[in-house]
Amino acid sequence: MKRLLLISISALLLTSCGAKKFLTSSTIPNEIGELNYFEPLSYIHYVEKGNKAILSDSLSNITFSRLDSILSNSKTTLPLAEKIILDNDSIKVRVENELGNLSQVINQRRKLDGIEVTPVIDSILKKNKQRFALAIVATGFGRRKGNYGRQVVKGAAIGILTLGMLVPAPIKSNLTLHAFIFDSEKNEITFYKRSMPVQKEPTDSEVINKQLFELFKGYFYENK
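Notes on the structure follow. Given the structure is predicted, the values throughout are model-derived calculations rather than measurements.

**Description of the overall build of the protein**
Here is step 1 of the chain: Secondary structure assignment for the protein yields six helices and eight strands.
Here is step 2 of the chain: When the helices and strands of the protein are placed in sequence order, the string is α-β-β-β-β-α-β-α-α-β-α-β-β-α.
Here is step 3 of the chain: Per-residue burial for the protein yields a buried fraction of 48% across its 224 residues.
Here is step 4 of the chain: At a minimum sequence separation of 6, the contacts of the protein that also span at least 24 residues come to 78%.

**Considering empty space enclosed by the protein**
Here is step 1 of the chain: Applying the stated criterion to the full structure yields one cavity of 30 Å³ or more.
Here is step 2 of the chain: In this structure, the largest cavity spans a volume of roughly 70 Å³.
Here is step 3 of the chain: Around the largest cavity, the lining residues are Phe38, Glu39, Leu41, Ile84, Leu86, Lys92, Val95 and Leu99.
Here is step 4 of the chain: The element that contributes the greatest number of residues to the lining of the largest cavity is helix H3 (residues 89–109), accounting for three residues.
Here is step 5 of the chain: Grouping the constituent residues of the lining of the largest cavity by class yields six nonpolar, no polar and two charged.

**Quick word on the nonpolar core**
Here is step 1 of the chain: Within the largest apolar cluster, 29 residues are counted, with the highest numbers of intra-cluster contacts made by Leu134, Ile136, Ile181, Leu212, Phe216 and Phe220.
Here is step 2 of the chain: Mapped by element, the contributors of at least two residues to this core are strand E2 (35–38), helix H2 (57–72), strand E6 (132–143), strand E7 (174–183) and helix H6 (205–215).
Here is step 3 of the chain: With five residues, the single largest contributor to this core is H6.
Here is step 4 of the chain: For leucine 212, the contacting residues outside a window of four places in its chain are Leu67, Ile70, Leu71, Ile136 and Leu177.
Here is step 5 of the chain: Counting residues in each nonpolar core, the second largest holds 23 residues, with Tyr43, Leu99, Ile124 and Phe182 among its members.

**So, the pattern of salt bridges**
Here is step 1 of the chain: In this structure the tally under the stated criterion is five salt bridges.
Here is step 2 of the chain: For lysine 83, the salt bridge goes to aspartate 68, with nearest N and O atoms at 3.1 Å. On the criterion of sequence distance, the pair formed by lysine 83 in strand E5 (residues 80–84) and aspartate 68 in helix H2 is long-range, its members being 15 residues apart.
Here is step 3 of the chain: Classification of aspartate 68 as buried rests on a relative accessible area of 13%.
Here is step 4 of the chain: A salt bridge links glutamate 185 to arginine 131; its shortest N-O distance comes to 3.6 Å. On the criterion of sequence distance, the pair formed by glutamate 185 in the loop between E7 and strand E8 (188–194) and arginine 131 in the loop between helix H4 (119–127) and E6 is long-range, its members being 54 residues apart.
Here is step 5 of the chain: Exposure remark for arginine 131: the relative accessible area of 23% places this residue in the partly exposed category.
Here is step 6 of the chain: Taken together, the shared-partner salt bridges connect Arg131, Asp183 and Glu185 into one network.

**Brief notes about the packing of aromatic side chains**
Any aromatic ring pair is given by two values, namely how distant the centres are and how the planes are angled relative to each other.
Here is step 1 of the chain: Under the definition given, this model contains nine aromatic pairs.
Here is step 2 of the chain: With a centroid separation of 5.0 Å and an interplanar angle of 55 degrees, the aromatic rings of phenylalanine 180 and tyrosine 192 are classed as tilted. Of this pair, phenylalanine 180 sits in strand E7 while tyrosine 192 sits in strand E8, placing them twelve residues apart in sequence.
Here is step 3 of the chain: Under the relative-accessibility criterion, phenylalanine 180 is labelled buried at 0%.
Here is step 4 of the chain: With centroids separated by 5.2 Å and ring planes inclined at 25 degrees, the aromatic side chains of phenylalanine 191 and phenylalanine 216 adopt a geometry described as stacked. Residue phenylalanine 191 is found in strand E8, and its partner phenylalanine 216 is found in the segment after H6; the two are separated by 25 residues along the sequence. Like phenylalanine 216, phenylalanine 191 is buried.
Here is step 5 of the chain: Through pairs of rings, three or more aromatic residues link up here, namely Phe22, Phe191, Phe216, Tyr219 and Phe220.

**Overview of the layout of surface pockets**
Summary: where empty space remains is shown by rolling a probe the size of a single water molecule over the atoms.
Here is step 1 of the chain: The volume enclosed by the second largest pocket comes to roughly 190 Å³.
Here is step 2 of the chain: What lines the second largest pocket is a set of eleven residues, among which Met196, Val198, Lys210, Gln211 and Glu214 lie closest to the centre.
Here is step 3 of the chain: Among the elements that take part in the lining of the second largest pocket, H6 stands out by supplying five residues, more than any other.
Here is step 4 of the chain: For the lining of the second largest pocket, the class distribution of residues is five nonpolar, two polar and four charged.

Cut-offs used in this document
- Residues numbered from 1 in each chain as written.
- Predicted model: local features only at pLDDT ≥ 70, side-chain atom pairs only at ≥ 80, totals over all residues.
- Heavy atoms only, no water.
- Helix = DSSP H or I, 4+ residues; strand = E, 2+ residues; numbered from the N terminus.
- Buried < 20%, exposed > 50% of the residue type's maximum accessible area, 1.4 Å probe, protein only.
- Contact = heavy atoms within 4.5 Å.
- 1 Å grid on protein atoms, 1.4 Å probe; cavity = no way out; pocket = protein on both sides within 12 Å on 5 of 7 lines; lining within 4 Å.
- Points joined across faces, edges and corners; volume = space filled by probe spheres on them.
- Nonpolar A, V, L, I, M, F, W, Y, C, P; charged D, E, K, R; others polar.
- Core = buried A, V, L, I, M, F, W, Y, C linked by side-chain atoms within 4.5 Å.
- Salt bridge = Lys/Arg side-chain N within 4 Å of Asp/Glu carboxyl O.
- Phe/Tyr/Trp six-rings, centres within 6.5 Å; stacked < 30°, edge-to-face > 60°.

Below, the structure is given as structure tokens:
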């Protein structure tokens, strides 16, 4: 189970470079009368030494809690209905793995045509007689205080040694959100977008809120 979770996280991180435009199917937003949503997922890493990032349960939980709260309080802006909570750990890991693989496939193809709803997610929606469902995944990392400055100095030193031909630029912190809308009736992905990563603390509520609503600008609304 742990190996499957690592695979899903890796797939999401590999596709975290961001997309300026969302991808959609032939279904228009007005057709989505009731949008149930999965409890959000959060994979936030922590950089303590050098540039080595380790998955942090505490940071992931903080980002999850704040993202979950924002979603719960956004039902006047987004057409959200009931939250789908996965109590079974085995099912949850399978859903996480499906989302990671989906993100990778979508970003390779750059279109939603021919990409079906994955088996476990499809079975959950059909079991609960739900047509549409939203899934939001947060990925990113934070750094220990003082780590960033040392990496900048180290990067400058390497730049001097290589006559400026190589200057690694460390990123202080990062947050990217991925959004999927599934349609179990048509067996397709209705919407997908990943936000442009921002170099802000991944646990900052204002940053999370802004990232979330940027995802659906031009789809559910023009501006927020």
